[in-house]
Structures are given as C-alpha cells and as structure tokens.
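The chain contents come next:
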Amino acid sequence: MITPVLLCGGSGTRLWPLSRKSYPKQFVPLVGDETLFQASAKRLTGPDYAPPIIVTNSDFRFIVTEQLIDEGIDPGAILIEPTARNTAPAVLAAALWQAQTDPNALMLVAPSDHVVPDAHAFRAAVEVGCQAARDGKLVTFGIKPTHAETGYGYLELTEDIGAAETRVIGLERFVEKPNSEDAETMVSSGRFLWNAGIFLFSVKTIIEAFRAHAPNLIAPVEASVKQARADLGFLRLDPESWAKAQDISIDYAVMERADNLAVVPFSAGWSDLGGWDAVWRESARDELGVATSGRATSIECTNSLLRSEDDSLEVVGIGLKNIITVAMPDAVLVADVSRAQDVRKAVEALKAKKAHQAESFPLDHRPWGWFESLVIGQRFQVKRIVVHPGAALSLQSHHHRSEHWIVVEGTAKVTVDEDVRLITENQSVYIPLGAVHRMENPGKVPMVLIEVQTGSYLGEDDIIRYEDVYARD
C-alpha cells in the first residue's frame, strides 16, 4: 500500500485575487468544478492507496475536512502545523507519524495544488517507481518540458530521456529556476525535466536520509510529533518543539545532498498553476486563444484570460491581446500575460498600504459555513451568513455590538439567553448587546440569514465564546 501525504499549507500569492492567504489556491476550483485539493486527493485514491495523511495549518483544518467529505474521502490523519516551516519539517513529521505503525510503508508526497488531467497515467507512473522506492531509492517525478519555462526548477538526468519515458532514470542534479537562455538550452538537450516536487520513498528510507543530511531537524520534529495532542479529528503538533525546526524545503535539506536518487519521467500533462498564465494554458480556449470563466464576455480579444468570480459582475473585454483579467467582488486584476509572475508584487504593494484585500478573502470560511460582508458603515455592518446542515455557531456574546438576524432560507434554531426558538424564512430576532446567543441549523439544507450589526466596534475579535463544538480558542 502507498500512503499519500498531501501538503496544503501554501498561500499561492501569484494567483491573487482569487487565491489569498486566508483561502489559497488549493481550495479553489481554478480549473473545472473540483478544487485542486479535492482533485489531488481523488487522484491518490484506489485499491493500492491507504487513506491520505494531510499536513496543513490550523486555519485550513475545517476546510480540508469539509472538502474531503464532499468527495467521500476519509483521511488517515490530519497533522496541524503550528507555524509554517516549509516542506522538509512537514514531510519528516508525516514520516515519523507513519513510522509508528508501519516503518516500511511507501509514502507518496505531493503538493495539493497541482493539475494532473490524466490521473490513471499518473498512478501508472507511481507504480513504475515503487520497486525503486522499496529498494531504498528516493524517487522524484520529473515532467517532460513542453516549453522553456523559467518559473520551475529542473532535474538533470544521467542520460537522455529518449522514448522510454516510463522507466526509472538516474538523477544527476537539481537545477534552480533558470533564465530564459539556459532554459532553452536545457529543454533542447533532452536531459532535463521540470521538478514537480512529488516524491516517493519508504518511511524508513526518508527518515534515514534526514538523519544523514539534515540531522538538526530530527530532534525538534520528533519531539513535536511525540508531544502532539489530539484535537477533535486533528493532531496538533507541539508548537514549542516545532518552533525550533529549521524553515527549509525538502529539496535543500535532503534531496540535493542525497546520492540514492532516481527519477520517473511523466509526460501525460501537469501544471503547478504557478501563475495566471498557467491557468490560461490549462483552460479551454476558443479559436482566438481566449479563455473565459463565469460572467465574462470576449469581443475580438486574442490570447487572453477573462474571469468573473461573482455572479453579479459582468466582465467584458474588447480588443484585448495577451491580457489577464480576474474580477472579484472586492478586487480586480488586469495584467499582461507576460507579467503573470509579477502578481505577487501586487500583493506586497497592497500589504504595504494595509489593504485587507492583500490577504483576506471576501468569503470568511468557518467550520460551520461562511459569511460575507455586504455593506460596512461607520457604526453598522450587514452580512450574509450561510450555516451548513447540522452545524452550529459558538455560544457567545459581544461587548460592543447588538445584532438583528433575518432568516431568508431554511430554519434557524436561535438561543438568546434563556430563550430558545425556531426562526423560519422571513422571520427575525433581535440580539441585544451583551446577550449570550447562538444560532444552529437543525435542517438538512443550508440555512441563510442576513445579519445587521450595530455598535461602536464591529471587529471579529469582539467575541466571547462560552461553548464551541469546534473547540476553537
């Protein structure tokens, strides 16, 4: 059996404004109806695969479980990183956790934000690498280049890839992201592959590799796993030990130093969607090379991407050439396709001016559902709140605001101090300042309500929690 390890803690700033720190690209349906995380989890399921180990952070833990449930996938373990420490500590933590039950198991480590259209072909490539992994090799998967890409690292092979693309090949070295001239030279040589950041090895082999090449990581990560505590269905790694681990990628920590490396080439389609130009390439395009999504209309445009991420926003492009346009309710990106990798500069510029759009998503996802702000005034705010069937907000009160709730879809079970009642569509309830209150959805369909807040301070930190089924602090 192969145990998948899905890494899903990244922020994906190059796909702003759709991908943001609070809700990054792996949880968004960028290509097709599934999210990248869901597609990655489905790709690594089957009779030869054990339930996946998920490594994520606390903010995404409920998003992960919700999206897996929607796909009918039951994870093996969900490890919560206290802070981001890059891929090396994350992989080591997963390996140490798996070693407690099966140190000889094979682990397939993969990012959760890649696009692989042919899942069957990918699983076949994994099968090719299994014996090498059992024999003690650290197997990586290289993508046969389709163009001279400067946004990827490369793998130099010990021989020309030739036509035998499914065999295991020796790896000479890792190559950092090249300039355009070097990329052209490497691609034309036939001895270089894109580095996909996907690895296959036995648990025992990778732990031995860490002990040999990154021994300073063993003690803090091992202590963090041993002192981890269960929290609902999650395993929280110990934060004090975890903070002592070096922030380093598995490439730098282990792979570039090891001598037991092997590569399985893969050419059946792959993208890390590292920029809007990659999304454009992976999207369905018309005869003029234009890809549209949502309420977007192209008039005499060529080689462009037009996306509307809101049903109330109509995006119209006229005579555009090589242009990316992505419209969100609170932000719009317009860029030349050739400058797609510079979108991260926009995020930095917005952070510098303290614009909330830099990192905060318009929809604020919570374990019980989500909400969005519709109107914000000096002393009032109007929200739309959606609560999943069977879900409940925490029992709470506020120091600075009162609230009106109007149910517009479904039925709400509302608690206000000692009063508990059902509120149906077109009914409302008033929550006085300081009242202890909660809303629940007792039904089998999502419940939607409009909340009107009034008061001197309307921040999300004005919440005193008395009871919470999701064990949030």
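As the structure is a prediction and not an experimental result, all values here were calculated from the model. By convention here, each chain's residues receive numbers from 1 onward along its written sequence. Totals for whole chains, interfaces and linings use all residues, but because this is a predicted model, local features are given only for residues with pLDDT of at least 70 and pairs of side-chain atoms are given and counted only at 80 or more. To obtain the side-chain values, all non-hydrogen atoms of the structure were used and water was disregarded.

### Focus: a nonpolar patch on the surface
Residues Ile299, Val316 and Ile318 make up a contiguous nonpolar surface patch of about 280 Å² in total accessible area. The secondary structure listing takes helices from DSSP runs of H or I that are at least 4 residues long and strands from runs of E that are at least 2 residues long, numbered from the N terminus. Note on placement: isoleucine 318 falls in strand 15 (residues 315-318). Surface patches are drawn from residues lacking salt bridges whose relative accessible area is over 30%; two like charges belong together within 9 Å, two nonpolar side chains (Val, Leu, Ile, Met, Phe, Trp, Tyr) within 5 Å. The method behind every accessible area is Shrake-Rupley, applied with a 1.4 Å probe, and residues are considered shielded solely by the protein chains displayed. Any carboxyl oxygen of Asp or Glu within 4 Å of a side-chain nitrogen of Lys or Arg constitutes a salt bridge here.

### Description of the sheet that holds strand 14 (residues 305-308)
Two strands are counted as paired when DSSP detects at least two bridges linking them. Pairing within the open sheet is mixed, and its four strands lie in the order 12-14-16-17. The open sheet terminates on both sides in strands that have one partner only, identified here as strand 12 (291-293) and strand 17 (332-336). Adjacent strand axes in the sheet meet at a mean angle of 5°, parallel and antiparallel pairs treated alike. With four bridges connecting them, strand 14 and strand 16 (residues 323-327) associate as parallel partners. Each bridged residue has a counterpart across the sheet, and for leucine 305 the counterpart in strand 16 is isoleucine 324. Under this scheme, a helix contributes an axis fitted over its contacting stretch, all axes are lines through C-alpha atoms, and angles between N-to-C directions fall in the 0 to 180 degree range.

### Some thoughts on the sheet that holds strand 27 (residues 447-455)
Across the sheet, which stays open at both edges, the six strands sit in the order 18-19-20-27-22-25 with antiparallel pairing between neighbours. The sheet is open, and its two edges are formed by strand 18 (363-366) and strand 25 (428-431), each paired on a single side. Here the average twist between neighbouring strands, direction ignored, is 20°. Pairing of strand 18 with strand 19 (residues 369-376), which is carried by four bridges, proceeds in the antiparallel orientation. Directly across from arginine 366, in strand 19, lies its bridge partner glycine 369.

### Regarding the domain arrangement of the chain
Segmentation of the chain into domains, including their bounds, is taken from an automatic or database domain assignment. Considered domain by domain, the chain is made up of domain 1 (2-266), domain 2 (276-340) and domain 3 (363-467). Inter-centroid distance (C-alpha atoms) of domain 1 to domain 3 is 39 Å.

### Side note on unusual backbone geometry
The omega angle of the peptide bond from tryptophan 16 to proline 17 is 10°, so this bond is cis rather than trans. Mapped onto the elements, proline 17 comes out in the loop between strand 1 (2-7) and helix 1 (36-43). Backbone geometry places asparagine 322, a non-glycine residue, at a positive phi of 55°. Assignment of secondary structure puts asparagine 322 in the loop between strand 15 and strand 16. Three exposure classes are used, based on accessible area relative to the maximum for each residue type with a 1.4 Å probe and protein chains only: buried under 20%, partly exposed in between, and exposed over 50%. When its relative accessible area of 36% is taken as the criterion, asparagine 322 is described as partly exposed.

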